[in-house]
Amino acid sequence: QSVLTQPPSVSGAPGQRITISCTGSSSNIGAGYDVHWYQQLPGTAPKLLIFRNTNRPSGVPDRFSGSKSGTSASLAITGLQAEDEADYYCQSYDSSLSSSYVFGTGTKVTVL
Amino acid sequence: QVQLQESGPGLVKTSQTLSLTCTVSGGSINSADYYWSWIRQHPGKGLEWIGYIYYTGSTFYNPSLKSRLTISVDTSKNQFSMKLTSVTAADSALYYCARDQISSPNWFDPWGQGALVTVSS
């Protein structure tokens, strides 16, 4: 059971803007830990998409953006493209009794 | 650029030990800038961080696996490895190795392609 909750699925038409939420608590995102995001295309390993809440690695299109506020974070994809159809995961750290790196539950993005 | 490749048996018997090795190429594991992690993904499910190791041998494990887990590093071979004892079917998963960029918290980049491990009697 992950401590970071994401919607199971989000869909949108090509060109639209979608957002994926990552909801945590006072022991992880709310404690000030940064949030990172990964994209997992079908049959492939996850790939870093956003690091430290808002930063894109080299090569990641600026259609992808991240934000963080309070105990939550969000990933936005603008100008949705067919190639964006994938699973997306947030990641942070939880400092509760069982301190560990934690991933979100994952969100399947479908391009209609 | 740095690449990681997992290797090890694809089938492990119940109650035995799962052993995997990650070979790092294109960069040195002997770096003060990174940790090196294992992460797994159960079929059709999400991601679970297993643990990491530093080039000095310092480790940090997921508390849920700590009692069964050992991660080691061989800097001469540019490899790090994991051993998970007393495995059950619940340990069947796709196992990834990844490089940790030191931060608060670390992020994982790049990842290996993954090694599928099935636990069966």
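**Student:** So what's going on with the overall build of chain B? Residues and values would help.
**Tutor:** A count of helices and strands for chain B gives zero helices and eleven strands. Along its sequence from the N terminus, chain B presents helices and strands in the succession β-β-β-β-β-β-β-β-β-β-β. The C-alpha atoms of chain B give a radius of gyration of 13 Å, which matches the 14 Å a tight globule of 121 residues would have. Taking all 121 residues of chain B together, the buried fraction comes to 47%. A sequence separation of at least 24 residues applies to 54% of the contacts in chain B between residues at least 6 apart. With the model as given, the accessible surface of chain B reaches about 5400 Å², and the carbon-plus-sulfur share is 47%. On chain B, the mean spot of the 8 positive side-chain charges and the mean spot of the 7 negative ones are 10 Å from each other.

**Student:** I'd love a proper account of the interface of chain B and chain A, names of residues and values included.
**Tutor:** Of the residues lining the interface, 22 residues belong to chain B; the matching set on chain A comes to 20 residues. A buried area of about 1800 Å², summed over both sides, lies between chain B and chain A, and 64% of it is on carbon and sulfur atoms. Area buried by chain B at its contact with chain A is led by B:L47, B:P105 and B:W107, which between them contribute 34% of it. At the boundary of chain B and chain A, one finds zero salt bridges.

**Student:** Pulling in residues and values, what's your account of the state of the cysteines?
**Tutor:** Under the defined criterion, the tally for this structure stands at two disulfides over all chains. Note on cysteine connectivity: A:C22 is disulfide-linked to A:C90, with sulfurs 2.1 Å apart. Because the torsion about its S-S bond is 75°, the bridge between A:C22 and A:C90 counts as right-handed. With A:C22 in strand β2 (residues 18-23) and A:C90 in strand β7 (residues 86-94), the pair connects residues that are 68 residues apart, well separated along the chain. You can call A:C90 buried: its relative accessible area is 0%. Across the disulfide, B:C22 is cross-linked to B:C97 (sulfur-sulfur distance 2.1 Å). Looking along the S-S bond of the B:C22-B:C97 disulfide, the torsion reads about 65°, which is the right-handed sense.

**Student:** Outline the layout of surface pockets, listing residues and values.
**Tutor:** Of the pockets and cavities examined, the second largest pocket occupies roughly 190 Å³. A:A45, A:P46, A:K47, A:L48, A:P57, A:S58, B:D109, B:P110 and B:W111 are the residues that line the second largest pocket.

**Student:** Tell me about the sheet that holds strand β5 (residues 64-69) of chain A, and name the residues and values.
**Tutor:** Residues and elements named next belong to chain A. Spatially, β2-β6-β5 is the arrangement adopted by the three strands of the open sheet, whose pairing is antiparallel. The strands lining the two open edges of the sheet, one partner per strand, are β2 and β5. Across this sheet, the average inter-strand angle for adjacent strands is 20°, counted without regard to direction. Alignment of β2 against strand β6 (residues 72-77), held across six bridges, turns out to be antiparallel. For I20, the partnering residue across the bridge sits in β6 and is L75.

**Student:** Which residues make up the pattern of salt bridges, and what are the values?
**Tutor:** Residue and element names in this part refer to chain B. On inspection of all chains with the given rule, the structure shows four salt bridges over all chains. In this structure, D91 engages R68 in a salt bridge whose closest nitrogen and oxygen atoms are separated by 2.9 Å. Taken together, the residues span a long stretch of sequence, with D91 in the loop between β8 (79-84) and β9 (93-101) and R68 in the loop between β6 (59-61) and β7 (69-74) at a distance of 23 residues. Look at the salt bridges and you will find they share partners, linking R40, E48, R68 and D91 into a network.

**Student:** Requested: an account of the environment of A:T54, with residues and values cited.
**Tutor:** Residues and elements named next belong to chain A. With respect to the helices, strands and loops of the structure, T54 is situated in the loop between β4 (47-50) and β5. Each C-alpha atom of the pair T54 and S65 lies 6.2 Å from the other, and the pair is eleven residues apart in sequence. Setting aside chain neighbours within four positions, we find T54 in contact with G66 and S67.

Rules of the game
Residues numbered from 1 in each chain as written. Chains lettered and ligands numbered in written order. Predicted model: local features only at pLDDT ≥ 70, side-chain atom pairs only at ≥ 80, totals over all residues. Heavy atoms only, no water. Helix = DSSP H or I, 4+ residues; strand = E, 2+ residues; numbered from the N terminus. Rg over C-alpha atoms; globule rule 2.2 N^0.38 Å. Buried < 20%, exposed > 50% of the residue type's maximum accessible area, 1.4 Å probe, protein only. Contact = heavy atoms within 4.5 Å. Areas by Shrake-Rupley, 256 points an atom, 1.4 Å probe, with all protein chains shown as cover. Lys, Arg positive; Asp, Glu negative; His and termini not counted. Charge placed at Lys NZ, Arg CZ, Asp CG, Glu CD. Buried area = accessible area lost by both parts, 1.4 Å probe. Salt bridge = Lys/Arg side-chain N within 4 Å of Asp/Glu carboxyl O. Disulfide = S-S within 2.5 Å. 1 Å grid on protein atoms, 1.4 Å probe; cavity = no way out; pocket = protein on both sides within 12 Å on 5 of 7 lines; lining within 4 Å. Points joined across faces, edges and corners; volume = space filled by probe spheres on them. Pairing = 2+ DSSP bridges. Axes fitted to C-alpha atoms, helices over the stretch in contact; angles between N-to-C directions.

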